[in-house]
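Structural description and commentary
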Amino acid sequence: MSKTLFEKISAREIPAKIVYEDDLVLAFEDIKPAAPVHVLIVPKRPIPRVGEAIPSDLQVLGHLLLKAAEVAATLGLKETGYRLVINNGPNAGETVPHLHCHILGGRHLSWPPG
Ligand code: AMP
């Protein structure tokens with residue numbers, strides 16, 4: 001099966017500004033930032049989207065969220081706050097079929113999203 005875009009970034013086949021990496025997850029700057037800080041954190045082993053996660057993904061999903069918070073803190077967002085976003089499917093605007101969590105911060109983020 002062909003690699004997803006984010007697998008190619010993980011394999012260094014496509015360049016990205018990587019801000020965190022461990023055995024399970026990779027975090028890198030979004031190429032089209034929607035906020036002063038906009039980082040994506042992804043599981044290295046692709047899950048298409050959260051709606052297709054299965055019970056054996058429990059550990060990686062928990063790890064992803066814990067590391068998202070750590071990365072946000074490392075990027076200076078702990079006190080001012082930040083938003084984590086996971087788009088699932090067309091109505092949510094999902095464009096890359098490899099589960100990813102957006103870490104957005106550095107400005108006030110309105111709610112609800114448009
Ligand atoms: P989503 O719309 O939730 O599927 O988010 C996909 C995100 O991936 C978008 O915010 C894109 O800007 C981002 N993106 C697409 N290609 C790249 C890339 N080569 N490097 C970093 N981010 C990317």
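Attention in this report is confined to the structure presented alongside it. (Residues numbered from 1 in each chain as written. Predicted model: local features only at pLDDT ≥ 70, side-chain atom pairs only at ≥ 80, totals over all residues. Heavy atoms only, no water.)

1. Considerations on the nonpolar core
How we decide: Nonpolar cores were defined as sets of buried Ala, Val, Leu, Ile, Met, Phe, Trp, Tyr and Cys residues, with membership established by side-chain atoms within 4.5 Å. Burial here depends on accessible area, computed with a 1.4 Å probe over protein chains only, as a share of the maximum for the residue type. Under 20% is buried, over 50% is exposed, and the range in between is partly exposed. Elements are defined by DSSP. Helices are runs of H or I of four residues or more, strands are runs of E of two residues or more, and each kind is numbered from the N terminus. Contacts between residues were defined by any pair of non-hydrogen atoms, one from each residue, lying within 4.5 Å.
Membership of the largest hydrophobic core is limited to 12 residues, which are Val25, Ala27, Val37, Val39, Ile41, Leu64, Ala68, Val71, Ala72, Leu77, Cys101 and Ile103. Looking at this core, the elements that each hand over two or more residues are β2 (25-29), β3 (37-43), α2 (58-74) and β5 (101-105). When residues in this core are grouped by element, the largest group, four residues, is from α2. Ignoring anything within four residues of it in the chain, the contact list for Ala68 reads Ile41, Leu84 and Ile103. Within the second largest apolar cluster, seven residues are counted, among which are Leu26, Leu40, Val42 and Val96.

2. Some thoughts on α2
Applicable threshold: By this rule the span expected of a helix is its residue count minus one, scaled by 1.5 Å. Here, the arc refers to the directions that run from the helix axis to the C-beta atoms.
For α2, spanning 17 residues, the distance from its first C-alpha to its last is 24 Å, which sits close to the expected 24 Å at 1.5 Å a residue. Within α2 the residues assigned to the buried category are Val60, His63, Leu64, Lys67, Ala68, Val71 and Ala72. The buried residues of α2 all sit within an arc of 165° when viewed along its axis, so they share a single face. Opposite the packed face of α2, turned more than 90 degrees from it, sit the exposed residues Leu58, Gln59 and Leu66. One or two steps after α2, the chain reaches Gly76, where phi turns positive at roughly 85°.

3. A short note on unusual backbone geometry
Cis geometry is found at the peptide bond from Trp111 to Pro112, where omega equals 0°. Residue placement: Pro112 occurs in the segment after β5. Unusually for a residue other than glycine, Arg12 sits at a positive phi of about 65°. By the secondary structure assignment, Arg12 is in the loop between α1 (5-10) and β1 (18-21).

It is worth stressing that arrangement in space is one thing and function is another; only the former is reported here.
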